[in-house]
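Structural characterization, general
Read off the chains here:
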Amino acid sequence: MTLDGTNTYIVQTATGHVVVDPGPLLPDHLQVVAGQGPVVCAVLTHHHADHSEGATRFSELTGAPVLARDVTLCRGGVLPDDGEILNVPSPMIRVIDTPGHTADSVCLIADDGSTRVLFSGDTIVGRGTAVVAHPDGNLADYLDSLERLRTVTDKSCILAPGHGPVRGNAAAAVTDYLAHRQDRLDQVRSALSAGAQTAHDVVEIVYSDVDRSLWPAAELTVEAALAYLRDEPRTD
Ligand SMILES: [Zn+2]
């Protein structure tokens, strides 16, 4: 489920490095990242272990605080509120709360005046689609978060996702994700109209072309879609 692994990003600032997602508890990896120079702080995009598990060890190695939206993961500091910036002089790094993939998901936008980079965690991944798994994931929140990201990105903004390659045009990635989600919701609505009763029934119809080993994950995604559709205002 991590594609080719989790991406750890090192953002050079005027006062030291901001490390986005130290990643799993891999001693060699943490050593290499810590060895790049002084660290101002590590920020976790969300609590999933492949992003956060190494954070405590990384903090011990570097003496740097760990900042996350879930306060139980913070060490030696707290993440600024939604829309606020990290305490580094340059680039400006803004925190954007983007619940949906998980309730505690955040993105960061770094801006040095000429280049902007969106660190999207698992809210947008570089390949395939993000998982919004019921019940920690919430599709209504997720769609709101994507709309929000649409307002803060444009085609010059670089996308630095939690998994998969870095790419240009973050705005296009956001738009593609929104379109994909709406397509899937339409497919789930059709499956329900065709008589599907359970998430499993829906998966058999909507994900028939997807390898069966991925069906359990798909079922959690469908559960999130069903929860969303249950709350949707009825039009009839
Ligand atoms: Zn995740």
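For the structure itself, look to the data block above.
Reading the values: the criteria
- Residues numbered from 1 in each chain as written.
- Predicted model: local features only at pLDDT ≥ 70, side-chain atom pairs only at ≥ 80, totals over all residues.
- Heavy atoms only, no water.
- Donors = N, O, S within 2.8 Å, 3.2 Å for Na, K, Ca; no water.
- Helix = DSSP H or I, 4+ residues; strand = E, 2+ residues; numbered from the N terminus.
- Buried < 20%, exposed > 50% of the residue type's maximum accessible area, 1.4 Å probe, protein only.
- 1 Å grid on protein atoms, 1.4 Å probe; cavity = no way out; pocket = protein on both sides within 12 Å on 5 of 7 lines; lining within 4 Å.
- Points joined across faces, edges and corners; volume = space filled by probe spheres on them.
- Phe/Tyr/Trp six-rings, centres within 6.5 Å; stacked < 30°, edge-to-face > 60°.
- Lys NZ or Arg CZ within 6 Å of the ring centre and 35° of its normal.
- Pairing = 2+ DSSP bridges.
- Axes fitted to C-alpha atoms, helices over the stretch in contact; angles between N-to-C directions.
- Contact = heavy atoms within 4.5 Å.
- Expected span 1.5 Å × (residues − 1).
- Parallel < 35°, antiparallel > 145°, perpendicular 65-115°, else oblique.
- Left-handed = near helix turned anticlockwise from the far one by under 90°.

1. Comments concerning the coordination of the zinc ion
- Surrounding the zinc ion are the protein donor atoms His 46 (NE2), His 48 (ND1), His 101 (NE2) and Asp 122 (OD), at 2.1 to 2.3 Å.
- In primary-sequence terms, the residues that donate to the zinc ion follow H-x1-H-x52-H-x20-D. On the criterion of sequence distance, the pair formed by His 46 in the loop between strand 3 (39-43) and helix 2 (49-52) and His 101 in the loop between strand 5 (92-97) and strand 6 (106-111) is long-range, its members being 55 residues apart. Neither residue differs from the other here; His 46 and His 101 are each classed as buried.

2. Structural notes on empty space enclosed by the protein
- Summed over the entire model, instances satisfying the criterion amount to one cavity of 30 Å³ or more.
- Estimates place the volume of the largest cavity at around 60 Å³.
- Lining the largest cavity, in full, are Leu 139, Arg 181, Arg 184, Leu 185, Val 188, Tyr 207, Thr 221, Val 222 and Ala 225.
- For the lining of the largest cavity, the elements supplying multiple residues, two or more each, are helix 5 (170-193) and helix 7 (215-231).
- Top contributing element to the lining of the largest cavity by residue count: helix 5, with four residues.

3. Focus on the packing of aromatic side chains
- As enumerated under the stated definition, the model contains one aromatic pair in all.
- If you follow Arg 184 out to its NZ or CZ, it ends over the ring of Tyr 207, 4.3 Å from the centre.

4. Considerations on the sheet that holds strand 7 (residues 116-121)
- Spatial ordering of the open sheet is given by 5-6-7-8, a layout of four strands whose pairing is mixed. Each having just a single partner strand, strand 5 and strand 8 (158-161) make up the two edges of the open sheet. Across this sheet, the average inter-strand angle for adjacent strands is 20 degrees, counted without regard to direction.
- Two strands pair when backbone bridges link them, and strand 6 and strand 7 are joined in this way by four bridges, in the antiparallel orientation. In the sheet register, Ala 110 faces strand 7, and the bridge partner there is Val 117.
- Contacting strand 5, strand 6 and strand 7, helix 4 (residues 139-152) runs over the sheet at an angle of about 155 degrees to strand 5.

5. What to know about helix 5
- Under the 1.5 Å per step criterion, the end-to-end length of helix 5 is 35 Å for 24 residues, consistent within 8% with the ideal 34 Å.
- Ala 170, Ala 171, Ala 173, Val 174, Tyr 177, Leu 178, Arg 181, Leu 185, Val 188 and Ala 191 are the residues of helix 5 that are buried.
- The inward-facing, buried residues of helix 5 contact strand 7, helix 4, strand 8, helix 6 (199-206) and helix 7.
- Immediately downstream of helix 5, the backbone of Gly 195 shows phi near 110 degrees, a positive value.

6. Digging into the packing of helix 5 against helix 6
- Relative orientation of the contacting elements helix 5 and helix 6 amounts to 115 degrees, with a least axis distance of 9 Å. Considered as vectors, helix 5 and helix 6 are oriented roughly perpendicular to each other. Between helix 5 and helix 6 lies a crossing whose hand is right-handed. In this structure, helix 5 contributes Arg 184, Gln 187, Val 188, Ala 191 and Leu 192 to the contact, and helix 6 contributes Val 202, Ile 205 and Val 206.

7. Comments concerning the environment of Asp 81
- By the secondary structure assignment, Asp 81 is in the loop between strand 4 (66-67) and strand 5.
- The exposure class assigned to Asp 81 is exposed, which follows from its relative accessible area of 56%.
- Each C-alpha atom of the pair Asp 81 and Arg 69 lies 8.5 Å from the other, and the pair is twelve residues apart in sequence.
- In this structure, Asp 81 is in contact with Arg 69 and Val 95, ignoring residues within four places of it in sequence.

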